[in-house]
Amino acid sequence: MEEQRANGLTDGVVEFHNVGSKDGCEDPHKWSSPGGGKKMDVRNQIFCNRSLNMKNIIAVGFDMDYTLAQYKSETFESLAYEGTVRKLVYGLGYPSELLEWTFDWNYMVRGLVLDKKKGNILKMDRHKYVKVAYHGFKELSKEEKVDIYGTSLVRDSFDEPDYALIDTLFSLAEAYLFAQLVDFKDNNPDKLPKDVDYGRMYKDVRSAVDLCHRDGTLKQMVAKEPNKYINEDATIVPLIKMIRDSGRSTFLVTNSLWDYTNIVMNFLCGGCTVNGPQTCNFDWLNYFDVVITGSAKPGFFHEESRVNLFEVELLSGMLINTDNGTAMAQVGDPSPKISLKSKDKACRVFQGGNVGHLHSLLSIESSSQVLYVGDHIYGDILRSKKVLGWRTMLVVPELEKEVELLWELRDTRKKLISTRNERDTFEDKIHHMNWSLKFEDMNVSEKEEMLSAVKDLEFKRDEVQLSLQEAQREIHQKFHNVWGQLMKTGCQSSRFAHQVERFACLYTSQVSNLRLYSPDKHYRPSEDLMSHDFHHLPL
């Protein structure tokens, strides 16, 4: 517990879990077991939305970017931002003064929605009601929000093509740049062509971002200094070893191509870099059964997708034709260059294909036997869950700060509940008195007395409401000065939280948290509660 206090947490933040180890050693197999008698930091917990018995899982798969490889936002997102700005100026003809702009990597958060046509950035609750809205960097008033998004006869779906979802950490830089361009257009209408509206600006930003990825601008920089852009994590290898020791297959499915994947995985699994003392090799492949690069998720998850599966020749990166994973003889050469994988041979690396190829390579008979871990609610989790029925775990790095603050603010949040109840009590009394004044037979003196009582109650209600709003604003700003709590919008779950609840069987702050639990653990969710349940439970 001394270590926990040193990290700035009280005992209360650390929720009790029995943590044991294999052979009396915490490393590499540190996971829950009866009698372990240690406590787990709540920031490292795995939270369960849907019952998942790991004994039914025979293969565990991982995404790479922002899942196994956690990028440093202050450097990586800044790099992406600067590259995008240069592409806008030198490639798409935007004013050169954009080159002087700077990027605040703390400003945007996941779960936001960009209104491409109107130049607005929105945060919504689970019912798709807009709760926080900015036009560029200018906050919209309640009246403006209602006027724009709350007066139509048909509810807006807030989906493509008119809206863009910021549901991955890769998107934060482009969202920030879009907000800057909205302000720039509003303040400098003569510096952009008249046909460049908000929608066109967003399209240009997306094109510039895609070009940065296609021409290798970002990945070349990361490859030179991976330690500058990627967090080192010594627990990745022990985690994968633990899963394989439990008798399960492991696989990697990433949209990154082989050359970049090899560099990043070398850094994560062995500290090897292109120009470092330890040069890149293929040792990390020993931790996987199958690696699929250039997967083009989420399209990869559609089995009917007719995408060829190529095997990658590791040294040259050359792609070799396969027949659903079976190596094919090259024309003029009757013998296949790469033979079928047997149990005693190394991992095979592929590019492209679809989920049907993966199931065949791993001998998967039922999609529910697969657990896939990713960071992208749409590209990794929604499609793999909704289309396939894979079991899913979402990595949400922001959760560490979120759960820590929830604990620190627990007393304040309890007071808010009490304050809301107090306000509601005043309102009920006011409504009752107004009803009596309207329909009950009273003399003048009685009416004046009741009117005075109503005014007194209205004053008290307004005082309580004001204090409630101030307390809510204070809590909102503690999580994030602009957008508030990731998983909440006011008292409601945010749209992002709703998606996590719907599509992620499990969610946690880091992929390495799996190492803290038994590989055979049965994850069980807490009881689902509706509003009426809380009034009948001794909470």
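Computed from a predicted model, the values in this text were never measured in an experiment.

### Examining the packing of helix α2 (residues 73–92) against helix α6 (residues 217–224)
Line of reasoning, step 1. At a minimum axis distance of 10 Å, the contact between α2 and α6 shows a crossing angle of 145 degrees. Handedness of the α2/α6 crossing: right-handed. Along its contact with α2, which presents Phe76, Leu79, Ala80 and Lys87, the element α6 presents Thr217, Leu218, Met221 and Val222.
Line of reasoning, step 2. A breakdown of the residues in the contact of α2 with α6 according to their chemical character gives six nonpolar, one polar and one charged.

### Things to note about the nonpolar core
Line of reasoning, step 1. Of all hydrophobic cores here, the largest spans 92 residues; its most connected members are Phe62, Met108, Trp284, Phe288 and Trp483.
Line of reasoning, step 2. A per-element tally of this core places helix α4 (residues 172–187) first, with 10 residues.
Line of reasoning, step 3. Beyond its immediate stretch of four places on either side in the chain, tryptophan 284 contacts Leu252, Trp258, Thr261, Asn262, Met265, Asn266, Cys269 and Val291.
Line of reasoning, step 4. Within the second largest apolar cluster, 17 residues are counted, among which are Val290, Phe350, Leu362 and Trp390.

### Considering the sheet that holds strand β12 (residues 163–166)
Line of reasoning, step 1. Pairing in this open sheet of five strands is antiparallel, and the strands run β11-β10-β9-β8-β12 from one edge to the other. Of all strands in the sheet, those with a lone pairing partner are β11 (138–139) and β12, marking the two edges.

### Examining helix α12 (residues 399–408)
Line of reasoning, step 1. Buried within α12 are the following residues: Leu399, Glu402, Val403, Glu404 and Leu405.
Line of reasoning, step 2. In the core, the buried residues of α12 are packed alongside β5 (46–48), α14 (444–479) and β23 (506–508).

### Details of the side chain of glutamine 70
Line of reasoning, step 1. Locating glutamine 70 in the fold gives a position in the loop between β7 (59–62) and α2.
Line of reasoning, step 2. In terms of polar contacts, glutamine 70 uses its side chain to reach the backbone carbonyl oxygen of tyrosine 66, at 2.7 Å.
Line of reasoning, step 3. Ignoring anything within four residues of it in the chain, the contact list for glutamine 70 reads Tyr229, Ile230, Asn231, Val395, Pro397 and Gln510.

### So, the pairing of strand β8 (residues 112–115)
Line of reasoning, step 1. Of the two faces of β8, the one holding Leu112 and Leu114 and the one holding Val113 and Asp115 are both buried throughout.
Line of reasoning, step 2. Where β8 meets β12, four bridges bridge the pair, whose relative direction is antiparallel. Across the sheet, the residue bridging to leucine 114 is alanine 164, located in β12.
Line of reasoning, step 3. With three bridges connecting them, β8 and strand β9 (residues 120–124) associate as antiparallel partners. Bridge pairing links aspartate 115 to asparagine 120 in β9.

### Observations concerning the packing of aromatic side chains
Line of reasoning, step 1. Taken as a whole and judged by the stated rule, the model has 29 aromatic pairs.
Line of reasoning, step 2. Relative to phenylalanine 76, the ring of tyrosine 71 has its centre 4.3 Å away and its plane inclined at 35 degrees; by these criteria the two rings are tilted.
Line of reasoning, step 3. Residue classification places phenylalanine 76 among the buried residues on the basis of a relative accessible area of 3%.
Line of reasoning, step 4. Considering the side-chain rings of tryptophan 101 and phenylalanine 184, the 5.6 Å spacing of their centres and the 70 degrees angle between planes classify their relative orientation as edge-to-face. Of this pair, tryptophan 101 sits in the loop between α2 and β8 while phenylalanine 184 sits in helix α4; the two residues are 83 residues apart in sequence, bridging distant segments of the chain.
Line of reasoning, step 5. Note on phenylalanine 184: relative accessible area 6%, which makes it buried.
Line of reasoning, step 6. Above the plane of the ring of tyrosine 260 lies lysine 219, whose end atom (NZ or CZ) is 4.9 Å from the centre.
Line of reasoning, step 7. Seen from the ring of tyrosine 523, lysine 521 lies directly overhead, with NZ or CZ sitting 5.7 Å from the centre.

### Let's talk about the pattern of salt bridges
It is possible for side chains of opposite charge to pair when their charged atoms get near one another.
Line of reasoning, step 1. A full pass over the atoms with the stated rule returns 22 salt bridges.
Line of reasoning, step 2. The closest approach of N and O atoms between lysine 87 and aspartate 215, which form a salt bridge, is 3.0 Å. With lysine 87 in helix α2 and aspartate 215 in the loop between α5 (198–214) and α6, this residue pair connects regions lying 128 residues apart in the sequence.
Line of reasoning, step 3. Of the residues examined, lysine 87 reaches a relative accessible area of 17% and is grouped as buried.
Line of reasoning, step 4. Given a relative accessible area of 40%, aspartate 215 falls into the partly exposed group.
Line of reasoning, step 5. Two residues, aspartate 520 and arginine 248, come together in a salt bridge whose shortest N-O distance is 2.9 Å. Of this pair, aspartate 520 sits in the loop between β23 and β24 (522–523) while arginine 248 sits in the loop between α8 (236–245) and β13 (249–253), placing them 272 residues apart in sequence.
Line of reasoning, step 6. Residue arginine 248 is classed as buried on the basis of its relative accessible area, which comes to 7%.
Line of reasoning, step 7. Bridged by salt links that share partners, the residues Asp41, Arg43 and Glu404 form one connected network.

### A look at the packing of α2 against α4
Line of reasoning, step 1. Viewed as axis vectors pointing N to C, α2 and α4 meet at an angle of 45 degrees, and their least axial separation amounts to 9 Å. By the angle between their directions, the pair α2 and α4 is classed as oblique. Judged by the sense of rotation from one axis to the other, the crossing of α2 with α4 is right-handed. For the pair formed by α2 and α4, the contact residues are Glu77, Tyr81, Thr84, Val85 and Leu88 on the first element and Ala173, Tyr176, Leu177, Gln180 and Leu181 on the second.
Line of reasoning, step 2. Residues that form the contact of α2 with α4 fall into these classes: seven nonpolar, two polar and one charged.

### A few points about α6
Residues separated by three or four positions in an α-helix point in the same direction, a consequence of the helix having 3.6 residues per turn.
Line of reasoning, step 1. Within the span of α6, buried status applies to Leu218, Val222 and Ala223. Within α6, the buried residues cover an arc of 125 degrees as seen down the axis, which keeps them to one side. What points out from α6, more than 90 degrees from its buried face, is the exposed set Gln220 and Lys224.
Line of reasoning, step 2. Summarising the contacts, the buried residues of α6 are in contact with α2, α5, α7 (226–229) and α9 (258–270).

### Describing the pairing of strand β15 (residues 309–312)
Line of reasoning, step 1. In the sheet, β15 pairs with strand β18 (residues 348–352) via three bridges, with the strands oriented antiparallel. Across the sheet, leucine 309 pairs through a bridge with glycine 352, a residue of β18.
Line of reasoning, step 2. The pairing of β15 with strand β16 (residues 319–323) spans three bridges and is antiparallel. Counted as the bridge partner of glutamate 311 is isoleucine 320 from β16.
Line of reasoning, step 3. Where β15 folds back on β16, the antiparallel hairpin that results is connected by six residues, among which glycine 317 adopts a positive phi of roughly 80 degrees.

The rules behind these values
- Residue numbers here run from 1 along each chain, matching the order of that chain's written sequence.
- Given that this is a predicted model, residues contribute local features only at a pLDDT of at least 70 and side-chain atom pairs are listed and counted only at 80 or more, while totals for whole chains, interfaces and linings are drawn from all residues.
- Only hydrogens and water are set aside when side-chain values are computed; all heavy atoms of the structure are taken into account.
- A fitted line through C-alpha atoms represents every axis, and for helices the fit uses only the stretch in contact; the resulting angles, taken between N-to-C directions, go from 0 to 180 degrees.
- Strands here are runs of E lasting at least two residues and helices are runs of H or I lasting at least four, both read from the DSSP assignment and numbered beginning at the N terminus.
- Handedness of a crossing is defined here by the sense of rotation of the near helix relative to the far one, left-handed for an anticlockwise turn of less than a right angle and right-handed for a clockwise turn.
- By definition in these notes, contact holds between two residues if any of their heavy atoms fall within 4.5 Å.
- In this classification, Asp, Glu, Lys and Arg are treated as charged, Ala, Val, Leu, Ile, Met, Phe, Trp, Tyr, Cys and Pro as nonpolar, and every other residue, Gly included, as polar.
- What we call a nonpolar core is a set of buried Ala, Val, Leu, Ile, Met, Phe, Trp, Tyr and Cys residues that are connected through their side-chain atoms within 4.5 Å.
- Buried residues are those whose accessible area, probed at 1.4 Å on protein chains only, stays under 20% of the maximum for their type, while exposed residues exceed 50% and partly exposed ones sit between those limits.
- If DSSP finds at least two bridges between two strands, the strands pair.
- Two N or O atoms count as a polar contact when they lie within 3.5 Å, although within protein this holds only if one can serve as hydrogen donor and the other as acceptor, and sequence-adjacent residues are included solely when both atoms are side-chain atoms.
- Only rings of Phe, Tyr and Trp enter the pairing, Trp through its six-membered ring, and a pair is recorded when the two centres are within 6.5 Å. The plane angle decides the type: under 30 degrees is stacked, over 60 is edge-to-face, the rest tilted.
- By definition here, charges over rings are those cases where NZ of Lys or CZ of Arg is within 6 Å of the ring centre and within 35 degrees of the ring normal.
- Any Lys or Arg side-chain nitrogen found within 4 Å of a carboxyl oxygen on Asp or Glu counts as a salt bridge.
- For classification, angles of less than 35 degrees are called roughly parallel, those exceeding 145 degrees roughly antiparallel, those between 65 and 115 degrees roughly perpendicular, and all remaining angles oblique.
- The arc in question is the one spanned by the directions pointing from the helix axis to the C-beta atoms.

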